Amino acid sequence: GPSALAYGTDCIGGVLNFIAENPLNSNGSEKGVNYRWFSNTNGYQASFITKSRSDKKYHSYSGGYNNHGNYLRPNGEEVANSYYEQFFGQGEFGYILDWGLIDGAYSSAYNNAGIIGQEGARQQSGDHLITTNATLLKWGWKFKPVVTYQLNHRIEYHNEDGVDEAELDISLRSMKYEFKGVKTLDNEINIITGVQGATTSASNGEDLEHTFLPDADQTDLGAYIISSYGPKRLKLKAAARGDMRKVQWGELERGFHYGATSLGLNYRIGLKGEVSAIGSLSNRAPSIAELSADGLRHGAYRYEVGDADLDAETAMNLELNLRRTGKSASVDLNVYRNEVSNFIHYRAEEGLLIDG
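Residues numbered from 1 in each chain as written. Predicted model: local features only at pLDDT ≥ 70, side-chain atom pairs only at ≥ 80, totals over all residues. Heavy atoms only, no water.

Outline unusual backbone geometry, supporting the account with residue identities and numerical values.
Most of the time, phi is negative for any residue but glycine, and the peptide bond is trans. Of note, the phi angle at Asn81 is positive, near 65°, even though the residue is not glycine. With respect to the secondary-structure elements, Asn81 resides in the loop between strand S3 (57–68) and strand S4 (84–97). (Helix = DSSP H or I, 4+ residues; strand = E, 2+ residues; numbered from the N terminus.)

This is the structure we're talking about:
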């Protein structure tokens, strides 16, 4: 519905919002360890977590290790090259000051996994994400500036005569920023508005015989406003957003300008029931890979060729929801229709052979 537009115009099917584990609610500290064993991979996961909170600050740190062998079919046979291992860590911190709050989070994961269907092939990936934001209270508004940086590095190896050779080595770096404001008027009207931007670059390693993606740069800029009004049983929510994207690779460049809008209403029926209806128009510009890919993806076991002439997808969504909640049971009925034009999808080219 309208709230999804805070995450972008490309939320055609909604948003999956992964929220880190909450810090402690009261002063003190807490520590824990966890160990799990999995029979169908003869694998295990070991992890730890530590939390602490005082009057002016809090933190939460965790990390661990996964190690799994090849998956076992019900008949006892192994799925060749389906093993993987992973190191991971993450943390949260916050400082409570007289004028507001500063908090942030960091997460990191390093993965090494076999590529199913290709003997001796494996893939490595490392991901680092750090984000920090502040909450400021001024003039009846709650302002929230956010800055996020992410690095994702992926390598796919093909084993030739016992020697690993990199066939894919690509790094994706993203810097995202946002400035959001929230204000409530007369306890009935709530306004959320914000400006967002991002710069993304894809770069390949050296000495590669083939590349899946060319070196490319992408710039995004957008603004949105969401407003809700609901004094009694009926609540209305509306949102509008505009975005622009520029993608450059080699001597080619594409620019996109697109928008999104959404209107929703919710009506409470007594104390236990409610009905809601939502209509949305949203857009999604093609990604770097969809525009410019030209190479073999071992992890997906296919050769992909992008299309530099792709247009943005446009989706129209209508949704109706009925809900009734009782003491011992609840019923939720949702009916929707989502129609997408210029839908971007993989298309097989029959009879076309590339490198066999």
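Moving on from the model shown.
Before we move on, could you go through the pattern of salt bridges and cite the residues and values that matter?
Applying the stated criterion across every chain yields a total of 13 salt bridges. Across the pair Arg245 and Asp220 runs a salt bridge, and its minimum N-O distance is 2.6 Å. Residue Arg245 is found in strand S11 (residues 234–249), and its partner Asp220 is found in strand S10 (residues 216–229); the two are separated by 25 residues along the sequence. Here the two residues Arg245 and Asp220 agree in accessibility, since each one is buried. For Glu304, the salt bridge identified is with Arg302, shortest N-O distance 2.7 Å. A relative accessible area of 8% means that Glu304 is categorised as buried. Under the relative-accessibility criterion, Arg302 is labelled partly exposed at 32%. One continuous salt-bridge network, built from bridges that share partners, spans Glu274, Arg323 and Asp332. (Salt bridge = Lys/Arg side-chain N within 4 Å of Asp/Glu carboxyl O. Buried < 20%, exposed > 50% of the residue type's maximum accessible area, 1.4 Å probe, protein only.)

Break down the pairing of strand S12 (residues 252–269) for me, citing the residues and quoting the values.
Here S11 pairs with S12 via 16 bridges, running antiparallel. Bridged to Leu236 within S12 is Leu265. From the end of S11 to the start of S12, which pair antiparallel, there are two residues, and Gly250 there has a positive phi angle of about 60°. Direction of pairing for S12 relative to strand S13 (residues 273–284): antiparallel, over a ladder of nine bridges. Paired with Thr261 across the strands is Leu281, a residue of S13. Hairpin connection from S12 to S13: three residues lie between these consecutive antiparallel strands, with Gly270 at a positive phi of about 65°. (Pairing = 2+ DSSP bridges.)

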